[in-house]
Amino acid sequence: MQWLNILIQGSLLGGIYALFAIGLSLSFGIMRLVNIAHGDFIVLSGYVALVVVQGTGLDPFSSLLIVVPVMFIVGYVLQRGLLNQTLSGGLLPPLLVTFGISIIIQNGLLQGFGAYDHRLQEGPIETASLHLPGSIDIGVFPLLVFAVAILSIASLQFLFYRTGLGRAFRAVSDDAYTAELMGIDNRKLYALALGIAMVFTAIAGVLFGIRTIFDPAAGPIRLILAFEAVIIGGLGSLWGTLVGGIVLGIAQSVGAALDPTWQILAGHLAFLAILIVRPNGLFPRTRD
Amino acid sequence: MTDLAADREPVRVERATKASRIFALVAIVVLAVLVSLPWWSDAGWMRLVAEMAYYVALAQLWNLLAGYAGLVSVGQQAYVGLGGYMLFYLTGVWNVNVYVALLLAGPFAGLVSIPVSFAVFRLRGAYFAIGTWVVSEVFSLLASLILVLGAGSGLSLTVPILQEISSDRDVRDTVLYLMTLGASLFVFGIVYFLLRSRHGLALTAIRDSEPASASLGVNTFRTKFIIYVATAACTGLIGGLIFLQKLRISPEAGFSINDWTVVVIFMVVIGGIGTLEGPFIGMLVYIVLRELLADYGTYYLILLGVIAIVIMLKAPMGLWGWVVHRFDLQLFPVGRRLALKPDQSKR
Amino acid sequence: MTLLRTQNLSAFYGDFQALFGIDVTVEQGETVAIIGANGAGKTTLLRSIAGALTTAPQSVLFDDAPIGDKTPHDIVRLGIAMVPEGRRLFQSLSVEENLMLGAHSGRAGPWSLKRVYELFPRLHELRHLPSTSLSGGQQQMAAVGRALMSNPRLLLCDELSLGLAPVIIRDIYQCLGAIIGEGTTVVLVEQDINRALDASTRFYCLQEGRLALTAPTKNFDRAALTAAYFGM
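Computed from a predicted structure; not experimentally measured.

Conventions adopted
- Residues numbered from 1 in each chain as written.
- Chains lettered and ligands numbered in written order.
- Predicted model: local features only at pLDDT ≥ 70, side-chain atom pairs only at ≥ 80, totals over all residues.
- Helix = DSSP H or I, 4+ residues; strand = E, 2+ residues; numbered from the N terminus.
- Rg over C-alpha atoms; globule rule 2.2 N^0.38 Å.
- Buried ≥ 20, exposed ≤ 12 C-beta atoms within 10 Å, placed from the backbone.
- Contact = placed C-beta atoms within 7 Å.
- Pairing = 2+ DSSP bridges.
- Nonpolar A, V, L, I, M, F, W, Y, C, P; charged D, E, K, R; others polar.
- Expected span 1.5 Å × (residues − 1).
- Arc of directions from axis to C-beta.
- Axes fitted to C-alpha atoms, helices over the stretch in contact; angles between N-to-C directions.
- Parallel < 35°, antiparallel > 145°, perpendicular 65-115°, else oblique.
- Left-handed = near helix turned anticlockwise from the far one by under 90°.
- Bend = angle between axes of the 7 residues up to and from the residue.
- Core = buried A, V, L, I, M, F, W, Y, C linked by C-beta atoms within 7 Å.

The next point concerns the overall build of chain C. Summing up its helical and strand segments, chain C has nine helices and 10 strands in all. Its C-alpha radius of gyration of 17 Å places chain C within 12% of the 17 Å reference for a compact globule of 232 residues. For chain C, the spread of C-alpha atoms along the principal axes amounts to about 50 × 35 × 35 Å. A total of 232 residues make up chain C; the buried ones form 48% of that total.

Here you go:
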């Protein structure tokens, strides 16, 4: 039963990791842009929620109504105003510019909020749990997060495969040059893509902020976890990213069961092992 | 036979330029001044110059990796920490002589980088970058968990180890300073030598177009692999020297991405990526900015971030790159130029 | 009425000059062929018109309005559509999705999914298949259909016959005839000289980025054309 527990907890953990990874996966899939500041935007969303909660008295879930549009606009403007210019310069400009953004966000948050830990309080749901036969406890909140992850991916799949906008995204991802020749405004589409990525980043940031304490320096590890989920799952597949998150979560749970301080390390080692054995991930799709 | 052929060729291949010859003289003078520093300056200046020296070395190495080999690593701090820890471990736990331990730190880092490359070379571009970061995090976590390495609190250099260098504090400072200067020169020498050689030409070709150079017979994988391991080894050596002077190492300090990667990348990018002169300039800019603005804490770091972004967008070739573009200048002669021979009217 | 006109059009790829002062006119309803050897600048010319290559604003005039520096998607909106060299269908999209994407710019006009399927009945059967599973000829038809979906006033066709069997090429040019019959103005780039001349009313011959020859195609002396083609 101990093992079943580990599997379940690990899988649920995979939900939050998949949520972390969605934004990263989107921006890479559509624009081949790896946003080094991705983790910092997750943390930034948490801080935006904190400000909203403290300013309006709303609970964190409700604060999403404000945080999500705000982060969408942040993503849209960032891509349109800054990142679009980096796309044609090769590998270094996007990497170094997003690196610079990461430093700016971390230090800006440090300046604004100090080096303290913060958390978003949602109430009893944080610790509620379902008691299943076989002495298995499933936390309601992790289950909720997992459900949100599934819902998010499903809605994105709907967007990509059943709407005109999704069609345009896929076309631009395939062949940006020809897409433009067919009448697509690439720059606007890229901005929209980052905006949408930020929507899910914001959701991830708020949920993460309820579940764990965060501080201005919490960004990089989020980026790494998101990245590991994407790579394990295989580039180009959102459902694959969910599986990648689950595998990562389970690896971490196994490590934590052996010794709590080994949790993150176990995840890293599993990632490196999979990378060596299956470099294209478990469900590779993109040809890039 | 050879004479006939040589007569027929109207051009010859030149390495040095007029500017580089002048610069070589200037460099020798500056070097002499720096070497003599211990005899006319104080410990504070020696520490600063030593810091400048090891930062330049790290910047040259990162530049070699990213600017020439196209391997943008955000995880070189792994080898800085590795070199430092190896030094402390060998001297502290195995009572190895401090000089021997220092000499072993580099090769050890190089050896570790071999299996690491098997993992990270599977990734490309920005994913490669993050992959190297993961590896560094793994080392950091391992260091914080292994008791014999001091776990979370790290290790300190004990007095007996320091006394192996000298019991006299001033002599010790001088020795450490000169060693750092020497190591930095050595690292620069390796980078310079590599770039001047056939490998350097291969690198430039790879940097300009990997498929094209592969089709011409350049073994891109092997070249990159050699560069990666060599860079790791040199970085390990520098790491050993850095922490020998800091006297303490901990996972956070040894594998600090801010200290060993962010700053280094900043230097290379500002100075001019893909040039030998760039890291020197970038290092000077960084040090000056730091001395002027360090009081402003986080604002100063934000400013660094902003400068890096602006440079990347407006002047991606960095300060030196701008100079090269404008004046066609090269101080360190790594290129090859075709020069017309003076007219031989014997015919 | 002149639909498209280039004035002293010069085009560069970085420092490399591909076109040297080209003057081309296309009247409404015409079919104009651009022929020339590999590297003569034919595709560069089409790219300049379609906006994929930026040139001086006044060097390309559409309906007398300067479009030389406009973005490709703006130019599609104005009514110019390209069938790119090598088809370049979107691999992740099905045949029908490729066609629907062609209508992204939202221009009104006679062409719709239904009409494209009437023109290319075979595509209707294949419409849900991934575009990668089509044969070369079918892909070419899909590429033409995709361009038509934007209801262009001017259709640019780059090497329709590239890599296709003669029978297939004949079919495609037959469909092209139907398109021309609707009144669409067409600029045709071809290496297959005979095909190009059979389908067009006028032609331009490019040689190393320069205009070597232009004339109506009717009864034109092929020997003189060969001379211009190879720059003799």
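When helices and strands are counted, chain B shows 16 helices and four strands. For chain B, buried positions account for 44% of its 347 residues. At a minimum sequence separation of 6, the contacts of chain B that also span at least 24 residues come to 77%.

Now for the arrangement of the chains. Across the two pairs of chains in contact, the largest number of contacts is found between chains A and B. One thing to see here is that chain B and chain C don't touch, and their nearest C-alpha atoms sit 15 Å from each other.

All names here are of chain C. With eight bridges joining them, strand β1 (residues 2-13) and strand β2 (residues 16-27) adopt antiparallel strand pairing. What sits directly across from Arg 5, in β2, is Thr 25. Hairpin connection of β1 to β2: two residues between the antiparallel strands, including Gly 14 at a positive phi of 65°.

Here the focus is the interface of chain A and chain B. When the parts of a complex come together, some accessible area is lost, and that lost area is often used as the size of the interface. Every contact between the two is made by 30 residues of chain A and, on the other side, 31 residues of chain B. At the level of elements, α4 (92-113), α9 (219-233) and α11 (263-277) of chain A are the ones that each hand at least two residues to the side of chain A that touches chain B. At 12 residues, the largest contribution of residues to the side of chain A that touches chain B is made by α4 of chain A. In terms of residue class, the side of chain A that touches chain B is made up of 22 nonpolar, eight polar and no charged.

Residues and elements named next belong to chain C. With 16 residues, helix α7 (residues 166-181) should reach 22 Å at 1.5 Å per residue; the first-to-last C-alpha distance of 22 Å fits that figure. Within α7, the full set of buried residues consists of Ile 172, Leu 176 and Ile 180. For α7, the angular spread of the buried residues around the axis is 90°, confining them to a single face. Opposite the packed face of α7, turned more than 90 degrees from it, sit the exposed residues Val 167, Arg 170, Gln 174, Gly 177, Ala 178 and Gly 181. Against β3 (31-36), α6 (136-148), β8 (185-190) and α8 (193-199) lie the buried residues of α7. Positive phi appears at Gly 183, one or two residues downstream of α7, with a value of about 105°.

Glancing now at the packing of helix α2 (residues 38-56) of chain A against helix α3 (residues 60-81) of chain A. Residue and element names in this part refer to chain A. Here α2 crosses α3 at 125°, and the two axes come no closer than 9 Å. When the interaxial angle is binned, α2 and α3 end up oblique. When you trace α2 past α3, the crossing you get is right-handed. Within the contact between the two elements, α2 uses Ser 45, Val 48, Ala 49, Val 52 and Val 53 and α3 uses Pro 60, Ser 63, Ile 66, Val 67, Val 70 and Met 71. Residues that form the contact of α2 with α3 fall into these classes: nine nonpolar, two polar and no charged.

This part takes up α3 of chain A. Residues and elements named next belong to chain A. The end-to-end C-alpha distance of α3 is 30 Å, a good match for the 32 Å that 22 residues give at a rise of 1.5 Å each. When the local axis directions of α3 are compared, the greatest deviation, roughly 35°, occurs at Ile 66, which is followed within four positions by the proline Pro 69. Three or more residues of α3 are buried, namely Pro 60, Ser 63, Leu 64, Val 67, Val 68, Met 71, Gly 75, Leu 78 and Gln 79. In this structure, the buried residues of α3 make contact with α2 and α8 (186-211).

Following both chains from N to C, one finds helix α6 (residues 164-174) of chain A and helix α3 (residues 95-102) of chain C inclined at 100°, their axes separated by 10 Å at the closest point. One finds that α6 of chain A runs roughly perpendicular with respect to α3 of chain C. Between α6 of chain A, through Arg 167, Ala 168 and Ala 171 of chain A, and α3 of chain C, the contact on the second element is made entirely by Glu 97, Met 100 and Leu 101 of chain C. Within the contact of α6 of chain A with α3 of chain C, the residues separate by chemical class into four nonpolar, no polar and two charged.

The next thing to look at is unusual backbone geometry. Outside of glycine, negative phi angles account for most residues, and trans bonds account for most peptide bonds. You will see that Ala 151 of chain B, though not glycine, has its phi angle at about 45°, which is positive. By secondary structure assignment, the location of Ala 151 of chain B is in the loop between α6 (125-145) and β2 (155-156). Judged by the 15 C-beta atoms lying within 10 Å of it, Ala 151 of chain B falls in the partly exposed class. Not every positive phi belongs to a glycine, and Arg 88 of chain C is a case in point at roughly 55°.

Contact residues are listed per partner, giving 21 residues for chain C and 14 residues for chain A. Mapped onto the side of chain C that touches chain A, the elements with two or more residues apiece are α2 (72-78) and α3 of chain C. Split into classes, the residues belonging to the side of chain C that touches chain A amount to 10 nonpolar, seven polar and four charged.

All right, on to the sheet that holds β3 of chain C then. Residue and element names in this part refer to chain C. The six strands are arranged β6-β7-β8-β3-β9-β10 in an open sheet whose pairing can be described as mixed. A strand with exactly one partner marks an edge of an open sheet, and here the two such strands are β6 (80-83) and β10 (210-216). For this sheet the average axis-to-axis angle between neighbouring strands, irrespective of direction, equals 15°. With five bridges joining them, β3 and strand β9 (residues 202-207) adopt parallel strand pairing. If you follow Ile 35 over to β9, its bridge partner there is Cys 205. Across the sheet, helix α9 (residues 222-230) lies against β3, β9 and β10, angled at about 35° from β9, the strand it touches most.

Relative to strand β4 (residues 60-62) of chain C, β1 of chain C runs antiparallel, the two sharing three bridges. Pairing of Leu 4 of chain C across the sheet is with Phe 62 of chain C, part of β4 of chain C.

For the rest of this paragraph, the subject is the nonpolar core. In this structure, Leu 19 and Ala 193 of chain A, Ile 238 of chain B together with Leu 156 of chain C are the most contacted members of the largest nonpolar core, which totals 274 residues. In terms of residues, this core owes the most to one element, α8 of chain A, which gives 18 residues. Contacts of Ile 238 of chain B, omitting those with residues within four sequence positions, involve Tyr 54, Ala 57, Leu 58, Val 80, Gly 83, Ala 183 and Val 187 of chain B.

Attention now goes to the sheet that holds β4 of chain C. Residue and element names in this part refer to chain C. On the basis of which strands lie adjacent, the open sheet formed by four strands has the order β2-β1-β4-β5 and antiparallel pairing. Edge strands, defined here as strands with exactly one partner in the open sheet, are β2 and β5 (65-66). Of the strands in this sheet, β1, β2 and β4 touch helix α1 (residues 42-50), which is tilted by about 70° from β2.

On to the environment of Leu 282 of chain A, then. Residue and element names in this part refer to chain A. For Leu 282, the location among the structural elements is in the segment after α11. Each C-alpha atom of the pair Leu 282 and Leu 235 lies 9.2 Å from the other, and the pair is 47 residues apart in sequence. Residue contacts for Leu 282: discarding those within four places in its chain leaves Ile 232, Gly 233, Gly 234, Gly 240, Val 243 and Gly 244.

The next thing to look at is the environment of Val 96 of chain B. All names here are of chain B. Structurally, the position occupied by Val 96 is in the loop between α4 (77-93) and α5 (98-120). Exposure remark for Val 96: the 19 C-beta atoms within 10 Å place this residue in the partly exposed category. On a C-alpha basis, the gap between Val 96 and Ile 161 in space is 9.1 Å, while along the polypeptide they are 65 residues apart. Setting aside its immediate chain neighbours within four residues, Val 96 contacts Leu 90, Thr 91 and Ala 101.

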